Amino acid sequence: MTSPAHHLPAGSAADGGPYSLDIGPEQAGWHYSSLRVLTLAPGSTHTFTAGDSEWIVLPLSGGCTVTTDGKPFELHGRASVFEGVSDFAYVPRDAQVTIGTRTGGRFALTGARCERRLPARYGPAPGVPVELRGAGTCSRQVNNFAAAGVFTCDRLIAVEVITPGGNWSSYPPHKHDEEVAGEESRLEEIYYFEIAGAAGLGYQRVSPSRRGGTDVLAEVRTGDAVLIPDGWHGPSIAAPGHDMYYLNVMAGPGSEREWLIRDHPDHAWIRTTWPRQPVDPRLPLRPEGEQGR
């Protein structure tokens, strides 16, 4: 059932250089969304040209300095994606960008082809809205660092989701593959996964919303990505004992930058059960040493 064009296991989309994951519109077969994962050794730097896309540099582990348009942005970062919210830097299209790190680390470059050239900016970690979505075994945490209406971009929308082990997220299944005014926006989407624990795993489902549409049932591990050009996506299932992280990168052709989704009609009713259930007490996820504070 899994299509190799949509499920990219760790390492299968590497560029042979510093990117352990390199997905652009050409590789994905679409028009807007991009994601790169950059791995840097201590004391090293990497320079790239933004081209026709806007980018956000988001630390996954470690910190770095992002320099663009003559402005340096010091990113404190974090130890891992399970160790709290990170600060980030926005890079405009048509810019040259240098990322340098004293300690080494891994950095996500979330991108979208765009028209407007907005100013380079720093996004502080305390300014990232943290949302607890769902309830019971559908509880998850959403770090809305570049959500529509939160941080200004031209087309790029990006958020982080953390699902405690044993829970389901991206549920009920939903889609955003057509423009319906006030109801649904058309957005290409990338899911990038990291799973806690050396043998951690999870599952991702995408079911067709039209004849011949995207159809994926994938076992996902750290470093995997799933491409969603269309279809009902969800659930994302975290195996018991293994918290699941995924980074969502979205962009599309709409005149408004907005995230409008339509729930699968067979499963939308699950939302009505959430007010009667408590949110999973493991959320919000806190860095080691802060549990119970």
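This one's a predicted model, so the numbers in the text were calculated from it and none came from an experiment.

1. So, the pattern of salt bridges
Okay, step 1: All chains considered together, the criterion is met by 21 salt bridges.
Okay, step 2: With a closest N to O distance of 3.7 Å, R210 and D177 form a salt bridge. Here the residue R210 occupies a position in the loop between β17 (202-207) and β18 (216-220), and D177 occupies one in the loop between β15 (174-175) and β16 (188-195), the gap between them amounting to 33 residues.
Okay, step 3: Classification of R210 by relative accessible area gives partly exposed; the value is 41%.
Okay, step 4: Where R221 meets E219, a salt bridge forms, and the shortest distance between an N and an O atom there is 2.9 Å.
Okay, step 5: Under the relative-accessibility criterion, E219 is labelled partly exposed at 34%.
Okay, step 6: Three or more residues joined by partner-sharing salt bridges are found here, namely K175, D177, E178, E184, R210, D230 and R262.

2. Some remarks on the pairing of strand β21 (residues 244-251)
Okay, step 1: Burial analysis of β21 places 8 of its 8 residues in the buried class, the great majority of the element.
Okay, step 2: Residues M244, Y246, N248 and M250 point to one face of β21 and Y245, L247, V249 and A251 to the other, with burial holding for every one of them.
Okay, step 3: In this sheet, β21 lies alongside β16 in antiparallel orientation, the contact comprising 8 bridges. By the bridge assignment, Y191 is partnered in β21 with N248.

3. Focus on the confidence of the model for the chain
Okay, step 1: Across the chain, pLDDT averages 95, with 96% of residues at or above 70.
Okay, step 2: Confidence drops under a pLDDT of 50 for residues 289-293, and excluding neighbours within four residues, the segment shows 2 contacts in the predicted structure.

4. Points about the packing of aromatic side chains
Each aromatic ring pair is specified by the distance between its two centres and by the angle formed by the two planes.
Okay, step 1: Under the defined criterion, the tally for this structure stands at 8 aromatic pairs.
Okay, step 2: Relative to F151, the ring of F88 lies with its centre 5.1 Å away and its plane at 75 degrees, an arrangement referred to as edge-to-face. In this pair, F88 is assigned in strand β7 (residues 88-91) and F151 in the loop between β12 (140-146) and β13 (157-163), connecting sequence segments 63 residues apart. In terms of burial, F88 and F151 fall into one category: buried.
Okay, step 3: Among the aromatic residues, ring-to-ring pairing joins F88, Y90, F145 and F151 into one connected group.
Okay, step 4: The cationic tip of R121 hangs over the ring face of Y90; the distance from NZ or CZ to the ring centre is 4.4 Å.

Reading guide: rules and limits
Residues numbered from 1 in each chain as written. Predicted model: local features only at pLDDT ≥ 70, side-chain atom pairs only at ≥ 80, totals over all residues. Heavy atoms only, no water. Salt bridge = Lys/Arg side-chain N within 4 Å of Asp/Glu carboxyl O. Helix = DSSP H or I, 4+ residues; strand = E, 2+ residues; numbered from the N terminus. Buried < 20%, exposed > 50% of the residue type's maximum accessible area, 1.4 Å probe, protein only. Pairing = 2+ DSSP bridges. pLDDT = per-residue confidence, 0-100. Contact = heavy atoms within 4.5 Å. Phe/Tyr/Trp six-rings, centres within 6.5 Å; stacked < 30°, edge-to-face > 60°. Lys NZ or Arg CZ within 6 Å of the ring centre and 35° of its normal.

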